[in-house]
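# Tertiary structure, described
So you can see what is in the structure, the chains are spelled out below.
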Amino acid sequence: MACEFFALKMICPPPGFRGLLLPIFHIHIPTWNSTPSLVRLKSWSSAALSVIESNPRNDLADEARSSVSQPREGLNRVPGRLRTGTGRSSEGNENRIGKRTVKLCSHERLKRFSVMLRTCALKGSLNDGKAIHGQVIKYGIDPDAHLWVSLVNVYAKCGDRFIARQVLDEMPERDVVSWTALIQGFVAEGYGIDGVVLFLEMKKDGIRPNEFTLATGLKACSLCLDLDFGKLLHSEAIKVGYFSDLFVGSLIVDLYAKCGEMELADSVFFCMPEQNAISWNALLSGYAEKGDSQEVLKLFCKMRQIEIKLSKFILSALLKGCANAGNLRQGQVLHSLAIKIGCEFDEFLSCSLLDMYSKSGLATDALNVFMKIKNPDVVAWSAMITCLCQQKQWQEAAHLFHLMRCIGIQANHFTFSSILSAATDMEDIRYGESIHACVWKSALQYDLTVSNALITMYAKNGCVQDGIRVFEAIKDPDLVSWNALLSGFHNYENCFLGPSIFRQMLVEGFKPNMYTFISILRSCSSFLDPGLGKQIHAHTIKNSLDGIDFIGTALVGMYAKTGCLEDASLTFSRMTKRDLVTWTAIITGYAQTGQAEKAVSFFSQMLKEGVRPNEFTLASCLNACAHIATLENGRQLHSMAIKGGHMEDLFVISALVDTYAKCGPIEDAEAIFEGLVSRDTVSWNTMICGYSQHGQGERALEAFRKMLDEGTVPDDVTFIGVFSACSHLGLVEEGIVHFNSMIKVFEINPTITHYACMIDILGRAGRFDEVESLIENMKIAPRAMIWEAVLGACKMHGNVEYAKRAAEKLFELKPEMDSTYILLSNIFAAKGLWDDVRHVRKFMSSQGVKKEPGSSWVVVDGQVHVFSSQDCSHPKIREIHLKLEELGQRMESVGYIPKTENMLHKITDREKVEHLQHHSERLALAFALIYSKPVKTIQIYKNLRICGDCHDVMKLVSGITNREIVVRDSKLFHHFKAGTCSCKDFW
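Residues numbered from 1 in each chain as written. Predicted model: local features only at pLDDT ≥ 70, side-chain atom pairs only at ≥ 80, totals over all residues. Heavy atoms only, no water.

### Some words on the packing of helix α31 (residues 514-526) against helix α33 (residues 549-561)
The contact between α31 and α33 brings their axes to 9 Å, and the two run at 10°. When the axis of α31 is compared with that of α33, the two are roughly parallel. Touching Met514, Phe517, Ile518, Leu521, Cys524 and Ser525 of α31 are Phe550, Ile551, Ala554, Leu555, Gly557, Met558 and Lys561, all from α33. Of the residues contributing to the contact of α31 with α33, the split by class is 10 nonpolar, two polar and one charged. (Axes fitted to C-alpha atoms, helices over the stretch in contact; angles between N-to-C directions. Helix = DSSP H or I, 4+ residues; strand = E, 2+ residues; numbered from the N terminus. Parallel < 35°, antiparallel > 145°, perpendicular 65-115°, else oblique. Contact = heavy atoms within 4.5 Å. Nonpolar A, V, L, I, M, F, W, Y, C, P; charged D, E, K, R; others polar.)

### Some thoughts on the UniProt feature "repeat: PPR" (unreviewed entry) in the protein chain
Mapped onto the present numbering, the UniProt feature "repeat: PPR" (unreviewed entry) falls at residues 175-209, 276-310, 377-411, 478-512, 579-613 and 680-714. Taken end to end, residues 579-613 comprises 74% helix and 0% strand; its first and last C-alpha atoms sit 10 Å apart. Helix and strand shares over residues 680-714 are 74% and 0% respectively, and the end C-alpha atoms of the span are 10 Å apart. (UniProt positions renumbered as here; feature names shortened; annotations may be inferred.)

### Overview of helix α17 (residues 277-290)
Under the 1.5 Å per step criterion, the end-to-end length of α17 is 20 Å for 14 residues, consistent within 8% with the ideal 20 Å. All of the buried residues in α17 are Ser279, Trp280, Asn281, Ala282, Leu283, Leu284, Gly286, Tyr287 and Ala288. (Expected span 1.5 Å × (residues − 1). Buried < 20%, exposed > 50% of the residue type's maximum accessible area, 1.4 Å probe, protein only.)

### Considerations on the sheet that holds strand β5 (residues 938-942)
If you trace the six strands from one edge of the open sheet to the other, you get β4-β3-β5-β6-β7-β8, paired in mixed fashion. Unpaired on one side and paired on the other, β4 (863-868) and β8 (980-981) mark the two borders of the sheet. Note: strand β3 (residues 855-860) against β4, six bridges, orientation antiparallel. Counterpart to Val860 in the pairing with β4 is Gln863. Across the sheet, helix α39 (residues 650-663) lies against β5, β6 (965-968) and β7 (973-977), angled at about 60° from β7, the strand it touches most. (Pairing = 2+ DSSP bridges.)

### Concerning unusual backbone geometry
In the Ramachandran plot, Ser544 falls in the positive-phi region, its phi being about 55° despite a non-glycine side chain. Position of Ser544 among the secondary structure elements: in the loop between α32 (530-542) and α33. In the Ramachandran plot, Glu747 falls in the positive-phi region, its phi being about 55° despite a non-glycine side chain.

### Some remarks on the packing of aromatic side chains
Scanning the model with the defined rule gives 25 aromatic pairs in all. Judged by centre distance (6.0 Å) and plane angle (40°), the rings of Phe719 and Phe723 are tilted. Here Phe719 pairs with Phe723, and both are found in helix α43 (residues 716-729), just four residues apart, close to one helical turn. Summarising the aromatic geometry, the rings of Trp857 and Tyr941 are spaced 5.9 Å apart at their centres and angled 20° between planes, so their arrangement reads as stacked. With Trp857 in strand β3 and Tyr941 in strand β5, this pair connects stretches of sequence that are 84 residues apart. According to the relative accessible area criterion, Trp857 is partly exposed, its value standing at 26%. Classification of Tyr941 by relative accessible area gives buried; the value is 4%. One residue, Arg679, lies across the ring of Phe673, its end atom 4.8 Å from the ring centre. (Phe/Tyr/Trp six-rings, centres within 6.5 Å; stacked < 30°, edge-to-face > 60°. Lys NZ or Arg CZ within 6 Å of the ring centre and 35° of its normal.)

### Concerning the pattern of salt bridges
A complete count under the given rule lists 24 salt bridges for this structure. Among the ionic pairs, Lys662 bridges to Asp658, the shortest N-O distance being 3.4 Å. Placement of both Lys662 and Asp658 in helix α39 is noted, with a separation of four residues, approximately one turn of the helix. By relative accessible area, which is 26% here, Lys662 ends up partly exposed. The buried category is assigned to Asp658, whose relative accessible area is 16%. Between Glu921 and Lys942 there is a salt bridge, with its nearest N and O atoms 3.0 Å apart. Here Lys942 lies in strand β5 and Glu921 lies in helix α53 (residues 920-931), a separation of 21 residues in the sequence. A residue is classified by how much of its surface remains accessible, and Lys942, at 8% relative accessible area, is buried. What emerges from the salt-bridge pattern is a single network uniting Arg165, Asp169, Arg174, Glu201 and Asp205. (Salt bridge = Lys/Arg side-chain N within 4 Å of Asp/Glu carboxyl O.)

### Topic: the nonpolar core
Ranked by internal contacts, the top residues of the largest apolar core, which has 250 residues, are Leu315, Phe401, Phe416, Ile419 and Val790. By size, the runner-up hydrophobic cluster in this structure holds 31 residues, among which are Ile880, Met891, Leu923 and Ala928. (Core = buried A, V, L, I, M, F, W, Y, C linked by side-chain atoms within 4.5 Å.)

### A short note on the side chain of Arg922
Mapping Arg922 onto the fold places it in helix α53. When its relative accessible area of 5% is taken as the criterion, Arg922 is described as buried. Not counting chain neighbours up to four residues away, the residues in contact with Arg922 comprise Leu884, Tyr896, Leu916, Gln917, Asp949, Cys950, Val953 and Met954.

### Description of the pairing of β3
With antiparallel pairing between neighbouring strands as the criterion, β3 and β4 make up a hairpin whose turn holds two residues, including Asp861 at a positive phi of roughly 55°. Note: β3 against β5, three bridges, orientation antiparallel. The partner of Val858 across the bridge, within β5, is Ile940.

### Thoughts on the packing of helix α30 (residues 498-507) against α31
The contact between α30 and α31 brings their axes to 9 Å, and the two run at 150°. When the axes of α30 and α31 are compared, the pair comes out roughly antiparallel. Like other packed secondary-structure pairs, α30 and α31 cross with a definite hand, here left-handed. Counting all contacts with α30, which are made through Gly498, Pro499, Phe502 and Met505, the residues of α31 involved are Thr516, Phe517, Ile520 and Ser523. Classifying every residue of the contact of α30 with α31 by side-chain character gives five nonpolar, three polar and no charged. (Left-handed = near helix turned anticlockwise from the far one by under 90°.)

### Considerations on the confidence of the model for the protein chain
Considering every residue of the protein chain, the mean pLDDT works out to 80; 87% of them sit at 70 or more. The least confident element of the protein chain is strand β2 (residues 37-40), whose mean pLDDT is 28; the most confident is helix α44 (residues 732-744), at 94. Counting interchain partners and residues more than four positions distant, the pLDDT-below-50 stretch residues 1-47 has 92 contacts. Here residues 68-105 scores under 50 on pLDDT; set against residues more than four positions off or in separate chains, the count is 44 contacts. (pLDDT = per-residue confidence, 0-100.)

### Concerning a nonpolar patch on the surface
Judged by side-chain polarity, Val859, Val864 and Val866 come together as a nonpolar surface patch covering roughly 240 Å² of accessible area. With respect to the helices and strands, Val859 occurs in strand β3. (Patch = residues over 30% accessible without salt bridge, like charges linked within 9 Å, V, L, I, M, F, W, Y side chains within 5 Å. Areas by Shrake-Rupley, 256 points an atom, 1.4 Å probe, with all protein chains shown as cover.)

### Some thoughts on helix α11 (residues 176-188)
Over its 13 residues, α11 extends 18 Å from the first C-alpha to the last, a length consistent with the 18 Å expected when each residue adds 1.5 Å. Taken across its 13 residues, α11 has 10 buried, putting it largely inside the fold. Of all the positions in α11, only Val176, Ser178, Trp179, Thr180, Ala181, Leu182, Ile183, Gly185, Phe186 and Val187 are classed as buried. Turning to α11, the residues buried within the fold contact α9 (145-157), α10 (161-170), α12 (192-204) and α13 (211-224). Positive phi appears at Gly190, one or two residues downstream of α11, with a value of about 90°.

### Some words on the side chain of Ser654
Inspection of the secondary structure puts Ser654 in helix α39. Residue class for Ser654 comes out buried when judged on its relative accessible area of 7%. Discounting chain neighbours no more than four positions away, the residues touching Ser654 are Val682, Ser683 and Thr686.

### A look at the environment of Glu734
If you trace the backbone, Glu734 turns up in helix α44. Sequence separation of Glu734 and Val722 is 12 residues, and the distance between their C-alpha atoms is 9.8 Å. Those residues in contact with Glu734, other than ones at most four positions away along the chain, are Leu701, Arg705 and Cys726.

Below, the structure is given as structure tokens:
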């Protein structure tokens, strides 16, 4: 009976192993009475057994099989009770049981299994380990403590940490060695947080750590940057006397260095009883990561003094310091040292050299290093691809990735992350999708790093739905995943979804970082929501991130784009470091909101601080110059664009054309435009509208015809320029043809501006019936712009009744607009209806509306001189009045008669003449004639429309002084030369 029990014990797995045999699939395990019993195997047990069946001739499995199949002395027979109980011979019994008969295992056999499992662990051979484990299960061997530990160790070190944990859980007695083996397995795979959790479990289990456990725990803390727990382990190492252990001490230095606590790392390092290459490398790596190249160099010199042997690891740390600090020269010296000690071609060191040259912007040198590696592995290939991506050589990176696949190197998650970054920056969605297919083939579609890169690629290329699908497939998205998703909601089409994603991220417990705030602020900028933007700003303050310059730039951009210029300026002033992007954001903000003077002022301040403009800054500032017509500033910006090599940029060129067109010298605008290699709709629009503004309607229409001949499709802005040209030329029928063509041929729906232009064309021609018909048939409700055009036409033709109706509409829509009251008053005055004039002026006063005073300004020797009508405040006013008297006499000699009818006031004719003589544009003209160079064109700017008498004066003066005069009023440029005007007296 005892023998039978003993045999049964050997053929069936012991209780500890039996507990592991849980559901996956069923196998039959024969017992001594041949009654089959269904036992369900646990996943790791079935995996171990399946390896035996799929690979029956495995060498280590064969060795394991031989360990149980060689009978010991005295165990080469079947027990007698079995032989007699069945009436069959022992031979028959053995045939019935067959090869599944198990012999008793000795201590030596258990030891032999342990040795074989350790060999598998060293070789990283998971399948061999599973095969041996399968033999242990198959032959019912009862493991001792060493075999249990060996099983934990083989699974942990071969990367199957989950089965390793299951084995540990089933151990009858868990000791410090088994726990250490398991923690090492998790740490080796990069799971630092899990390593820390396991260490805490071990402590709860009552197991005291030894020096190896402490070292592994410290590694785990370094991986997950858990400084607080690392400090606890440091104190425990001191408490139990392991601090003097060189390995433990080096890992404490490494922990503090990786957590950025360099003072603590330094203190621990120099308190160690002795230092070796590992501890030196840990300290060097910390300073290198920090980018403190000077400290790295000092430590390196100290290390050389005590004759620590240079290794590839130390050189790698030094190269990292040079890379992070941008110290190319020192990096090249280290490269020569690597050649000297004969490790130049080492793959590990070569990757550090690649990184150093890449961060120094020397992709060619990096490629030379790569080409010298004999058999580059996936790490080297990935490093080179990353290098090319960092240098914006995306096509070359894609080519290298193709070569890598052609020679059979399997890409890993780092490779895919880099090449997906290239696809993102190339804005090549088809290439990105092909990389996504490669990811699936490589079974890395669920890798978090790769998934995050895919989300970014899809989001930034406008395929937001594809990005969302990748995001939803991630089991446990991290903060990077959320940030990648948010990056797809910056543009105007889907920016409204950004806040929803941000809120959901907060609900799920994620703490936003710098990148999160930058993304959500960009969303706020796109859908123009300053309220939410201010809430996000408050969030950054609560999270102590408002001092980060990148967030400051995003805040400035958000406030500027949403029109909160005071908040933008305040945020800008609080920033400690303002880069080009920040300056461009504030300059663009002021330029786009009509505060051009401030935009130019900020640009000047930027130059004083040594920041050089890029094409976006130049384009924004040029637009500001165009708005306030500062020609000299525009010319300076033009020279900067030439010096900076930005004359190929279409935005800069279009802005230059616009600046010259709006500042006066239309010839310069034309010269730049003609020099363009390719002209888009924007550049054509700028030129067409420029010609129209300068009263050169024929050239505007000619440019429009050339635009169509070149195949450029016009847009709504193009037709505004065309209608304006038709209006100035009085081409009513052609204007109507173009209007119909815009709707029917180019399928552009008319805007309120288009209708206003057409009313101006018809109104100037006195075709008021057609004006009324057009207004009645408009598909959009008439706005102030429409009735302004009607009122202007009524003044030109003296249509009092229609003027009253138009004015009534304007009083309803824009009661604060002074031009309505003035135009109506002038219409009445021209007809001698002085009671109506007084009534309008009284009504204007009761509404609290004041007439904008006429003012003109002129630039002489870089200084702006501003004049108002009847102004006597200018320091040179006496000389100006004398010059005007002189000009008056010379004009009278050639037949000048003042047009006093333009003075719509009930005063004497003499008073009217004196009043006309001191209009602001004449004061500016007289000053310019006195103090500007005789060969220079006089450029005068006026805030209101020039009056008819001043227009005649400018023509006469240009003839008698032989000076070219350009007056830009609120509607048009007037080029006066040799007694004529470019507008042909039609404005």
